[in-house]
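Reading the structure
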Amino acid sequence: MTGINKAACIGGGVIGGGWIARFLLAGIDVDVFDPHPEASRIVGEVLANAEKAYAMLTGAPLPPRGRLTFCETLEEAVAGADWIQESVPERLDLKRGVLTAIDAAARPDALIGSSTSGLLPTDLQRDMKHPERLFVAHPYNPVYLLPLVEIVGGEKTAAATIKAAMERLGPIGMKGVHIAKEIEAFVGDRLLEALWREALWLIHDDICTVETLDDVIRYSFGLRWAQMGLFQTYRIAGGEAGMRHFLAQFGPCLAWPWTKLTDVVDLDDVLIEKIGQQSDEQAAGLSIRELERIRDENLVGILQALKGGDGGKGWGAGKLLKDFEQSLWAQGGGTTSFDPSKPLRLVETKVSPAWVDYNGHMTEHRYLQVFGDTSDALLRLVGVDVAYVEAGHSYYTVETHIRHLGEAKLGQAIHSTCRILDVDDKRLHVFHTLYDTATGEAIATAEHMLLHVDSKAGKATPAPAVILDKVKAIAEAHAKLAAPEGVSRHVGQKR
């Protein structure tokens, strides 16, 4: 089994809440145990942010959200779960006790992951009766957007456990990387700790402020790291001679006393207050939740940009997102139940923060995006799905006319319908209408002409009977409906 059917999350803080959101938005039911009196509120706020982020992240059809249940006991939460994620505070005695309790109550074949940032899995699994199923699954915040999970096994972890954990992350849009040897803080946190230590010295010695230091990162190498790692970035820096030239040119500086990586800064009250005060000034009154939303919107933008990298094939985390979306389309685009006696209701969404302009209204190109998604949904309905396109055939839009009748605003629920006006062996003539879901009022319409093409040959070709028969069945039913208002109207034509 390569999918997760039911998950349990023990701990619902920043990381635990992120795991809960990731599972729920993948359509997985989640049982949660967290004795914190405000666990429900905290998880709810994380989930709300995650849902907003996903609305911006992808237009692919997400599965119905999983069921969230808060349980009174740990034992109740883990019963029946096939993936259990522990995310309690970073104390060895606490984690070891919780994991041992999970082990005693969990299903025999359940996988048990720990969100620890640096504790060794061998130490965590010491008292477990079934230590072979325990592994570290170290994610990065926000878990619902950043896809990486470091998978680390202990001395008693079975190889089959590692394999199963890696396989089950892909269907929820995450990428597992297996860390070959057990080491404190694993890989990511070791790199971050080195940077963090040097950063603390730079603040301690008044070289710069926390805001200046963050600006140095986010306006320079932080942008590079978003799409290329350390070594690939330096390979480019070596020019045509590549990495060997770079190492020969810059390797000697490693022996120079540039950094204080081996010295530990004294985090005394004075330094803590200095960093705290500068951090407060940098935040400029923004709350943690506001900063999280800004972070999420920026991450979504970066992921979307990377999705279009390498000539549209996707690059890095963007390729992972592209592959995840294709799996969502494949799973969510196969419905065959519809009422042909009325326009097909194909897309339902909300106007996200990334879709609005300076007026607070949905920006012009987003209308085209929604109408394009509507055409795609129709095509999937008649069999023009991912597999069909990958085989070399599709429908291309060759003409579009959009009319704006109203305004779509931030947070507004909207949906679109589709009418098939005409069809022949090559052409498909459709009419879409975008509605305010709450009032039922039309916001915009779009009339499209699509052409069936052989994408490899780059020319129009007749669609096969298996596709045409489905399209014609809908078109015949729609022909009995009254012509939609505005059909075939040219630009500037009066009503």
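Cut-offs used in this document
Residues numbered from 1 in each chain as written. Predicted model: local features only at pLDDT ≥ 70, side-chain atom pairs only at ≥ 80, totals over all residues. Heavy atoms only, no water. Helix = DSSP H or I, 4+ residues; strand = E, 2+ residues; numbered from the N terminus. Contact = heavy atoms within 4.5 Å. Areas by Shrake-Rupley, 256 points an atom, 1.4 Å probe, with all protein chains shown as cover. Lys, Arg positive; Asp, Glu negative; His and termini not counted. Charge placed at Lys NZ, Arg CZ, Asp CG, Glu CD. Buried < 20%, exposed > 50% of the residue type's maximum accessible area, 1.4 Å probe, protein only. Axes fitted to C-alpha atoms, helices over the stretch in contact; angles between N-to-C directions. Parallel < 35°, antiparallel > 145°, perpendicular 65-115°, else oblique. Pairing = 2+ DSSP bridges. Right-handed = clockwise from strand over helix to strand, strands pointing away. Salt bridge = Lys/Arg side-chain N within 4 Å of Asp/Glu carboxyl O. Phe/Tyr/Trp six-rings, centres within 6.5 Å; stacked < 30°, edge-to-face > 60°.

Counting secondary structure elements, the protein contains 17 helices and 14 strands. By its C-alpha atoms, the protein is 75 × 55 × 45 Å across when sized along the principal axes. Sequence-distant contacts, at least 24 apart, represent 71% of the contacts inside the protein between residues at least 6 apart. As displayed, the protein has an accessible area near 25,700 Å², and 57% of this comes from carbon and sulfur atoms. Here the protein carries 51 positive and 66 negative side-chain charges, and the mean point of each set is 7 Å from the other.

The omega torsion of the bond from Asn-141 to Pro-142 falls at 0°, within 30 degrees of zero and hence cis. The topology assignment puts Pro-142 in the loop between strand S6 (134-139) and strand S7 (148-153). Phi at Asp-206 is positive, roughly 60°, even though this residue is not glycine. Residue placement: Asp-206 occurs in the loop between helix H7 (188-204) and helix H8 (210-218). Asp-206 sits in the exposed class, given a relative accessible area of 57%. At Ala-284, a residue that is not glycine, the phi angle is positive and equals roughly 50°. By the secondary structure assignment, Ala-284 is in the loop between helix H12 (269-283) and helix H13 (288-307).

Moving on, we get to the packing of H7 against H12. Remark: H7 packs on H12, axes separated minimally by 10 Å, with the N-to-C direction vectors making an angle of 95°. If you check the angle between H7 and H12, you find them roughly perpendicular. Packed against H7, whose contacting residues are Leu-200, Ile-203 and His-204, the element H12 presents Leu-271, Lys-274, Ile-275 and Gln-278 at the interface.

Now for the sheet that holds strand S4 (residues 83-86). Read across the sheet, eight strands follow the order S3-S2-S1-S4-S5-S6-S7-S8 without closing on themselves; strand pairing throughout is mixed. This sheet does not close on itself; its edge strands, each paired only once, are strand S3 (68-70) and strand S8 (175-178). The sheet shows a mean angle of 25° between the axes of neighbouring strands, direction not considered. Two elements, strand S1 (residues 6-10) and strand S2 (residues 29-33), share five bridges in a ladder whose sense is parallel. Paired with Ala-7 across the strands is Val-30, a residue of S2.

A separate point is the pairing of S2. Most of S2 is tucked away, with four of its five residues classed as buried. Between the parallel pair S1 and S2, the chain is carried across by helix H1 (residues 14-25), and the sense of this crossover is right-handed. Taken together, the three bridges between S2 and S3 define a ladder with parallel strand orientation. Considered in S3, the bridge of Asp-31 is made with Thr-69.

Further remarks concern the pattern of salt bridges. It is possible for side chains bearing opposite charge to pair when their charged atoms get close. Scanning all chains against the criterion turns up 26 salt bridges. Here Glu-86 ties to Lys-95 by a salt bridge, and the two come within 2.4 Å at their closest N and O atoms. We classify Glu-86 as buried; its relative accessible area is 0%. Within this structure, Glu-38, Arg-41, Glu-45, Arg-289 and Glu-292 form a network of salt bridges that share partners.

Let us now look at the packing of aromatic side chains. Applying the stated criterion across every chain, the model contains seven aromatic pairs. With a centroid separation of 5.5 Å and an interplanar angle of 25°, the aromatic rings of Trp-19 and Phe-23 are classed as stacked. One end of the pair is Trp-19 and the other is Phe-23, both in helix H1 and four residues apart, which spans about a single turn. Phe-23 gets classed as buried once you look at its relative accessible area, which sits at 0%. The structure contains a cluster of three or more aromatic residues connected by ring pairs, namely Trp-19, Phe-23, Trp-83 and Phe-135.

These values are about where atoms sit, not about what they do.
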